[in-house]
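# Examining the three-dimensional arrangement
So you can see what is in the structure, the chains are spelled out below.
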Amino acid sequence: MIIKNSICVLLSALVMLLFPWCAVTFIKGDGGMAGCFLLFFAINPIVSVAVGIFSGRNIRVAWFQPMLLAILFLFGTWIFFDMGEPAFILYAAVYLLLGYAAMLICGQRSLRAIIMECSRYLSNRAKRNTPPVNVEDGNNQSDRDHGNQ
């Protein structure tokens, strides 16, 4: 799974760091604006959903991928466009929500299994814990169960 996570990290870095650099470096004038629109409204959301789908297949191992994608987007845009621009934070939040929504939808079966495992653990833990013994009045749950009072 480490290799798959590494591939996803490299893909995220490629799209979120290299593509903005290419848009700034190689596309001039109004074509640069069209390239940025293409990046922000088509390519980045598709990659965000794809990373979410990948993460949903194994949530325990790849839960951080959508967050990493949004952070890489912020770094890439702040480095190549305008440092500290608050509009890019909004885009990153949307990409983060898209990624985690896709992860939860695709990993619904995995998430359901995790919730069931946690509920089984908590119910077993509750069964093992007996109520505290009240020494003063002699009321003990185990005494009542065995008919001793």
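So, on to the overall build of the protein. For the protein, the count of helices and strands is seven helices and zero strands. In the protein, the succession of α and β elements from N to C terminus is α-α-α-α-α-α-α. Buried residues in the protein amount to 27% of all 149 residues. Surface accessibility of the protein: about 10000 Å² in total, with carbon and sulfur atoms responsible for 68%.

Here we come to the nonpolar core. Core analysis: the biggest nonpolar cluster contains 19 residues, and Met16, Phe40 and Phe73 have the highest contact counts within it. Contributing elements (two or more residues each) for this core: helix H1 (2-26), helix H2 (30-57), helix H4 (65-80) and helix H5 (86-106). Broken down by element, the residue count for this core peaks at six residues, all from H2.

Turning our attention to the side chain of Ser55. Within the secondary structure layout, Ser55 lies in helix H2. Given a relative accessible area of 0%, Ser55 falls into the buried group. Those residues within four positions of Ser55 in sequence are excluded, and the remaining contacts are Ala62, Gln65, Pro66 and Met103.

What counts, and where the lines are drawn
- Residues numbered from 1 in each chain as written.
- Predicted model: local features only at pLDDT ≥ 70, side-chain atom pairs only at ≥ 80, totals over all residues.
- Heavy atoms only, no water.
- Helix = DSSP H or I, 4+ residues; strand = E, 2+ residues; numbered from the N terminus.
- Buried < 20%, exposed > 50% of the residue type's maximum accessible area, 1.4 Å probe, protein only.
- Areas by Shrake-Rupley, 256 points an atom, 1.4 Å probe, with all protein chains shown as cover.
- Core = buried A, V, L, I, M, F, W, Y, C linked by side-chain atoms within 4.5 Å.
- Contact = heavy atoms within 4.5 Å.

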